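# Structural overview for review
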Amino acid sequence: MSNLDLHPAPTRCGGRQDVTAQPVQELLPAKDVRLGESTMVRRLLPSMGRRMIGAWAFVDHYGPDDIADEPGMQVPPHPHMGLQTVSWLHAGEVLHRDSLGSEQLLRPGELGLMTSGRAISHSEESPREHAPSLHGAQLWVALPDEHRHTAPAWEHHRELPTVTGGGLRATVLMGDLDGSLSPATTFTPIVGADVSLTAGASARLPVRPDFEYAALTMSGEPEVDGTRLAPGALLYLGCGRSELPLRADVDSAFMLLGGEPFEERIVMWWNFVGRSHEEIAEARTDWMTGSGSRFGEVRGYAGDRLPAPTLPPVALRARGRVR
Ligand code: MN
């Protein structure tokens, strides 16, 4: 997925000063963003007041949308740098193509993980023949400095470990949850899990006190640490927990995102994560001029690639996790 905002504001984040060492509950505001011609998404991270959760730096939630008579998601080829994209569906399907030559149809319960490393480009679209409903989340993970120039890679995981008990079933997408380790490649201590709760569920999920966490509601009305959440809500939970009380009166699902607070300061602009204005500007130029083969080429997408927005007039600066 791409940030299609025509005037994206630079986001400076990283650093520990605004990480909450104690358990808290902060409901983060969502912003509606148009993605391509026909998809509206709820952007929950970065948001006013909070830019990252561990290395998670970007959270979009979309749907469930009725796309029976619509083209659905149509995101033309666009570049990425310095991050991983995590694609996760609850309904429908998305066709991924990238400059490595990957072409993969993603379905609910399957993890699409793209490590951009130094440079990659990809497209994401609903296939011509598609399910009537589309519902999912698109997440980005910032890469730490020592790995951000790594070679680009695409992973597709159909088999993911689960944690079960007390009416809870958690599928572990990224990292480790209560001893269940995802096969997905990670570069920082992180966790991403899809947690479903059956009606009447009551469970205490073991978590790590040194991680900060947030819960993204996908469906139903999960009760997380005593707070009932509506679909599309992102509740920041801070650090310092060893377990997370969960309940549900109706069938519900949420994504648990967490990780060790990301110490490095980064600059995030459009689809790039870097460390300086110059680096971002160079990536933008490389994409716009197609110079060399840095971002490669996506083959098979019926349409033009996405042009980059113009850079803001003020130089982008890497700073802390400021408000
Ligand atoms: Mn993308």
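That block above? That's the structure.
The present account deals with the structure reproduced in this document. In this text, all values refer to a predicted model and were calculated from it rather than measured experimentally.

### So, the packing of aromatic side chains
Following the criterion strictly, the structure yields six aromatic pairs and no others. A ring pair is formed by Phe 211 and Tyr 213, whose centres lie 6.0 Å apart and whose planes are at 40°; its orientation type is tilted. We classify Phe 211 as buried; its relative accessible area is 2%. An angle of 85° between the planes, with centres 6.1 Å apart, marks the rings of Trp 287 and Phe 295 as edge-to-face. Phe 295 carries the same exposure label as Trp 287, and that label is buried. Site record: aromatic cluster; members linked through ring pairs are Trp 269, Trp 270, Phe 272, Trp 287 and Phe 295.

### What about the sheet that holds strand β20 (residues 223-224)?
The strand order β18-β23-β20-β21 describes an open sheet built from four strands, whose pairing is antiparallel. In this open sheet, the two strands that pair with only one neighbour each are β18 (202-206) and β21 (227-228). Pairing of β20 with β21 involves two bridges; the strand directions are antiparallel. If you follow Val 224 over to β21, its bridge partner there is Thr 227.

### Section: the pattern of salt bridges
For the structure shown, the criterion picks out 18 salt bridges. Here Glu 125 ties to Arg 97 by a salt bridge, and the two come within 2.5 Å at their closest N and O atoms. With Glu 125 in strand β11 (residues 120-125) and Arg 97 in strand β8 (residues 94-98), this pair connects stretches of sequence that are 28 residues apart. Considered together, Glu 125 and Arg 97 belong to a single accessibility category, that of buried residues. In this structure, Arg 241 engages Asp 225 in a salt bridge whose closest nitrogen and oxygen atoms are separated by 2.9 Å. Here Arg 241 is found in the loop between β22 (234-238) and β23 (243-247), whereas its partner Asp 225 is found in the loop between β20 and β21, with 16 residues between them in sequence. The class of Asp 225 is partly exposed, set by a relative accessible area of 26%. Salt bridges here are not isolated pairs; linked through shared partners, they connect Glu 221, Glu 223, Arg 228, Arg 247 and Asp 249.

### Some points on the nonpolar core
If you look at the biggest cluster of nonpolar residues, it comprises 39 residues, and the most contacted ones within it are Trp 56, Val 86, Leu 111, Leu 139, Met 174, Leu 216 and Met 255. A total of five residues in this core trace back to one element, the largest contributor, which is strand β12 (residues 133-142). The next biggest cluster of nonpolar side chains, apart from the first, holds 26 residues, and it includes Leu 197, Val 207, Leu 235 and Ala 248.

### Focus on the environment of Gln 25
Tracing the chain through its elements places Gln 25 in strand β2 (residues 23-28). A C-alpha to C-alpha distance of 32 Å links Gln 25 and His 157, two positions 132 residues apart in sequence. With sequence-adjacent residues up to four places away left out, Gln 25 is seen in contact with Val 224, Asp 225, Thr 227, Leu 235, Tyr 236, Leu 237 and Arg 241. Engagement of the side chain of Gln 25 in a polar contact is seen with the backbone oxygen of Asp 225, the distance being 2.9 Å. Side-chain polar atoms of Gln 25 contact the side chain of Thr 227, separated by 2.4 Å.

Reading guide: rules and limits
Residues numbered from 1 in each chain as written. Predicted model: local features only at pLDDT ≥ 70, side-chain atom pairs only at ≥ 80, totals over all residues. Heavy atoms only, no water. Phe/Tyr/Trp six-rings, centres within 6.5 Å; stacked < 30°, edge-to-face > 60°. Buried < 20%, exposed > 50% of the residue type's maximum accessible area, 1.4 Å probe, protein only. Pairing = 2+ DSSP bridges. Helix = DSSP H or I, 4+ residues; strand = E, 2+ residues; numbered from the N terminus. Salt bridge = Lys/Arg side-chain N within 4 Å of Asp/Glu carboxyl O. Core = buried A, V, L, I, M, F, W, Y, C linked by side-chain atoms within 4.5 Å. Contact = heavy atoms within 4.5 Å. Polar contact = N/O pair within 3.5 Å; in protein donor to acceptor, adjacent residues only side chain to side chain.

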